[in-house]
Amino acid sequence: MKKILLSLVLSIAACSAVSAHADINIDKQVKSVEDKVIKWRRDIHQHPELSNRETRTAAIVAKHLKSLGMQVETDIAHTGVVGYLKGAKPGPTVMLRADMDALPVTEKADVPFKSTIVTKYMGEEVGVMHACGHDTHVAMLMGTAEVLAAVQKELHGNIMFVFQPAEEGAPKGEDGGANLMLKQGIFDKYKPDVAFGLHIMSSLNTGQIGYRSGPIMASADTFDITVKGKQTHGSAPWNGVDPIAAASQIVTGINHIVSRQVNITKEPAIVSFGKISGGLRDNIIPDSVNMLGTIRNFDMDNRDQIFDNIKTTATHIAMASGAEADVKITKGYPVTINNPALTAQMLPTLKNVAGDDNVFDVPKLTASEDFSFYAQEIPGLFIFLGGTPIGQDTSKAPYNHSPYFYVDESSFKVGTKALSQLAIDYLAMNQ
């Protein structure tokens, strides 16, 4: 009920003539922290840490927030940090979030602060790199914390700073990320009313901001299908049950789910196989075949339907072949949905920060984000921040997760101001 009432309030606010920004000028504060943000980012970039192992990064964050006089809580969801800034005037609470983890990628970008860290990942020796820009998110939110602490006496409400581990997924056998932070009660304790977050993107130029009302990033789930047959000699298939033949029909059948069983005029969806393995020799029909794949979509009802259809298709096709299919579906991240009323309410703020010509309604992205867990609980707005230098073709820029991923540092002042202004303006409009 609280969520419904808040959405109604946001809808009214979005349609009213309320000022789009508060009368608090933070340009001086944003400029004063720019060099610090760059320095923090370079340091964190040189010392990347994988999911649930972000101890050094968390310590830097906690020390900074404490220096600003905030209430600080550490070791949430393993390495997570929450800072709480209480405004001088009563009002709602805004959550701002940054993710801290790096990726098992060996850096090839030619920068002076290049990562040379090597570690073990799933038994293999790998390089570690901030190939998705989480180092920039941490640095910008640290800068935002300093900006907002400087105007604390003017704030009509409170700010909750969430520095989250394991956005890229917890290590095998562990829990982590946004979902674990919620399970450990951060919303119960701090009771935020809305959540804002951003992601640096090479698909936009520096100074540009991308947004979208409603679904903006896909859900991400995995399926694991084992087809069990009966091993026999390849020269006499009738003496066994061929799981390879059954598996090939299952692949075809599952690939028809989206095109024939899901209403894709509602929202798009994707089902892709990534791995098929079974058998050892050319003349032995094996006992079993294993198949792994991913499911992406933008509608939570479609998501459940696809799950059911995969199970039905695989088990029935296997049964028709005399085989059995064991289907396991693991839920990953939900659809990242920007609350339409909150998006409409805060769009003038984004345009005020970046300029009308630099704010774009962007297409849906089939990648996923665990910010989605927060946005399931309270109205959320997740935006994209341009990181490719002005004048460079974004279509040729190394994409997120590339070993050549590069971010223009002049974009940080735009991101810092955007996060700061979103918080200030929301509090001013909802005091």
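Structure shown above.
Residues numbered from 1 in each chain as written. Predicted model: local features only at pLDDT ≥ 70, side-chain atom pairs only at ≥ 80, totals over all residues. Heavy atoms only, no water.

> Lay out unusual backbone geometry in plain terms, naming residues and giving numbers.
With a phi angle near 55 degrees, alanine 166 is a residue other than glycine that sits in the positive phi range. Within the secondary structure, alanine 166 sits in the loop between β6 (156-164) and α5 (177-183). Here alanine 166 falls in the buried class, since its relative accessible area comes to 1%. (Helix = DSSP H or I, 4+ residues; strand = E, 2+ residues; numbered from the N terminus. Buried < 20%, exposed > 50% of the residue type's maximum accessible area, 1.4 Å probe, protein only.)

> I'd love a proper account of the environment of glutamate 73, names of residues and values included.
Summarising the element assignment, glutamate 73 is placed in strand β1 (residues 71-76). Judged by its relative accessible area of 25%, glutamate 73 falls in the partly exposed class. The spacing of glutamate 73 and serine 321 is 248 residues in sequence and 57 Å in space, taken between C-alpha atoms. A polar atom in the side chain of glutamate 73 sits 3.1 Å from the side chain of lysine 189. Of the polar contacts made by the side chain of glutamate 73, one reaches the side chain of tyrosine 190; its length is 2.6 Å. (Polar contact = N/O pair within 3.5 Å; in protein donor to acceptor, adjacent residues only side chain to side chain.)

> If you had to explain the nonpolar core to someone new, which residues and values would you point to?
The biggest cluster of nonpolar side chains holds 66 residues, and the ones touching the most others in it are Leu96, Ile159, Phe161, Phe163 and Phe196. The leading source of residues in this core is helix α11 (residues 412-429), at ten residues. If we ignore the near neighbours within four places in the chain, the residues touching phenylalanine 161 are Met70, Val81, Val82, Gly83, Leu85, Leu96, Leu141, Thr144, Ala145 and Leu148. In this structure, Ile76, Ala178, Ile186 and Met201 belong to the second largest nonpolar core, which totals 29 residues. (Core = buried A, V, L, I, M, F, W, Y, C linked by side-chain atoms within 4.5 Å. Contact = heavy atoms within 4.5 Å.)

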